[in-house]
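# Structural overview
Below, each chain spelled out in residue letters.
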Amino acid sequence: MKYIHVLIILICVTSIHSQVLSDKILEGFTFRNVGPAGMSGRITAIDVVLSEPEHIYVGSASGGVWESKDGGITWKPIFDDQPALSIGAIKINQQNPSEIWVGTGEGNPRNSHNSGKGIFRTLDGGRSWSLMGLTDSKQIHRILIDPHQPSTIYAGVAGNTWMPGGERGVYKSIDSGKTWKNILSTNDRSGVGDIIMDPVNPRKMVAAMYEHLRTPWDFVSGGTGSGLYITYDGGEKWKQISSEEGLPKGNLGRIGLAVAASSPDIMYALVEAKENGLYKSTDGGESWTLVTTKNIGNRPYYNNEIYVDPKNENRL
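This is a predicted model, so every value here is computed, not measured.

### Describing the layout of surface pockets
Within this model, the largest pocket holds a volume of roughly 1,400 Å³. For the largest pocket, the lining is made up of 41 residues, of which I46, D47, K91, L144 and Y307 are closest to its centre. Breaking the lining of the largest pocket down by element, the ones donating at least two residues are strand 1 (43-48), strand 5 (87-92), strand 9 (140-145), strand 13 (190-197), strand 18 (255-259) and helix 2 (300-303).

Below is the structure:
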């Protein structure tokens, strides 16, 4: 911008002295782009076509959805004409990889996060998109698809970071997104911090609710609305897992979850508490034991995520 300002001043000064601006005075100037310096930011979501592993989709904090068909060597944007470019979740229907679901709004409530405009779907691999609701969700952090019934979709809505209310919690659609039902919520400051599906039994899920609120002068991470919940019937009934089952006592914050595909009874949780810890379950989430409090990160609100090697349940 400083070159433009200099040019404007120069033109004004020249005009004052001569009243006539000659084209020759501009011959020594060349224009270049000096802003805005926008960029895609953090990668917040990723999914892969399992039948074609080099076909990858990623979502970014502020730069939309990108597609690679050569294992990440080259990329092209496929979401740039949509009303929100902040991405929180991507999920491919592996039965029909041309159907891709995208949840907008980054699910990491840091002070520079961007809000979204709802959940979107493409049926043609990203050439065209349709808004499928949840327009007051602000942040959609996870999307799950029932592999046996792909018309059943679950959306983990983190909700508005900046004020209470709005759409929050776990939402379920059994008609490919035509209608949504809120099947898990706690309070008006809490949304989904994470949610995982049992790879053998898709009606079994474990969800982490996360209470948080950011203001210009403060940030609250954790509260009575946070907690761990488990369902065995697709979300009709939920059971809360508490300190009686091995989790920390007191208010919890953000919880990151992972399930071992090679051994689904093994699950892991990164838990924000008075003392943050890595917890492990060997009975499918019914009970938990502390593994360690060391070297697991100290900014859980920013990105408290954990993943398990699909072939080795001990590699995180």
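Moving on from the model shown.
### Overview of the side chain of Q82
Tracing the chain through its elements places Q82 in the loop between strand 4 (76-77) and strand 5. Once you skip the residues sitting within four places of it in the chain, Q82 turns out to touch F120 and W129.

### What about the sheet that holds strand 7 (residues 119-122)?
Ordered by their spatial adjacency, 4 strands build an open sheet running 5-6-7-8, and the pairing between neighbours is antiparallel. The open sheet is flanked by strand 5 and strand 8 (130-131), the only strands paired with a single partner.

### Focus on the pairing of strand 16 (residues 227-231)
In terms of burial, strand 16 is largely enclosed, as 5 of its 5 residues are buried. Residue alternation in strand 16 divides its side chains into two sets, G227, Y229 and T231 and L228 and I230, and both sets are buried.

### Observations concerning the packing of aromatic side chains
Within a pair of aromatic rings, the relevant descriptors are the distance that separates the centres and the angle that separates the planes. Within this structure, the stated rule accounts for 4 aromatic pairs. Ring geometry for F79 and F120: centres 5.5 Å apart, planes at 85°, overall edge-to-face. Of the two residues, F79 is situated in the loop between strand 4 and strand 5 and F120 in strand 7; the sequence distance between them amounts to 41 residues. As far as burial versus exposure is concerned, F79 and F120 are alike and both buried. Judged by centre distance (5.2 Å) and plane angle (65°), the rings of F219 and Y301 are edge-to-face.

### Quick look at the nonpolar core
A general tendency of soluble globular proteins is for nonpolar side chains to be buried together. Formed by 17 residues in total, the largest nonpolar core has its most connected members in L228, I255, L257, V271 and W288. The set of elements that each furnish at least two residues to this core consists of strand 14 (205-215), strand 16, strand 18 and strand 19 (267-271). Leaving out residues up to four positions away in the same chain, V271 has contacts with L247, P248, L252, R254, I255, N276, G277, Y279 and N304.

### A few points about the confidence of the model for the chain
Close inspection of predicted coordinates is inappropriate for parts of the model with low pLDDT. Averaged over all residues, the pLDDT of the chain is 91; the fraction at 70 or higher stands at 92%. Predicted confidence is poor over residues 6-11, with pLDDT under 50, and the contacts of this stretch with residues over four places away or in other chains come to 6 contacts.

### So, the side chain of H141
Its place among the elements puts H141 in strand 9. In terms of polar contacts, H141 uses its side chain to reach the side chain of R142, at 3.5 Å. At 3.3 Å, the side chain of H141 and the backbone oxygen of G193 are in polar contact. In this structure, H141 is in contact with G88, A89, G107, N108, G156, A158, V192, G193, D194, R254 and E305, ignoring residues within four places of it in sequence.

Calculation notes
- Residues numbered from 1 in each chain as written.
- Predicted model: local features only at pLDDT ≥ 70, side-chain atom pairs only at ≥ 80, totals over all residues.
- Heavy atoms only, no water.
- 1 Å grid on protein atoms, 1.4 Å probe; cavity = no way out; pocket = protein on both sides within 12 Å on 5 of 7 lines; lining within 4 Å.
- Points joined across faces, edges and corners; volume = space filled by probe spheres on them.
- Helix = DSSP H or I, 4+ residues; strand = E, 2+ residues; numbered from the N terminus.
- Contact = heavy atoms within 4.5 Å.
- Pairing = 2+ DSSP bridges.
- Buried < 20%, exposed > 50% of the residue type's maximum accessible area, 1.4 Å probe, protein only.
- Phe/Tyr/Trp six-rings, centres within 6.5 Å; stacked < 30°, edge-to-face > 60°.
- Core = buried A, V, L, I, M, F, W, Y, C linked by side-chain atoms within 4.5 Å.
- pLDDT = per-residue confidence, 0-100.
- Polar contact = N/O pair within 3.5 Å; in protein donor to acceptor, adjacent residues only side chain to side chain.

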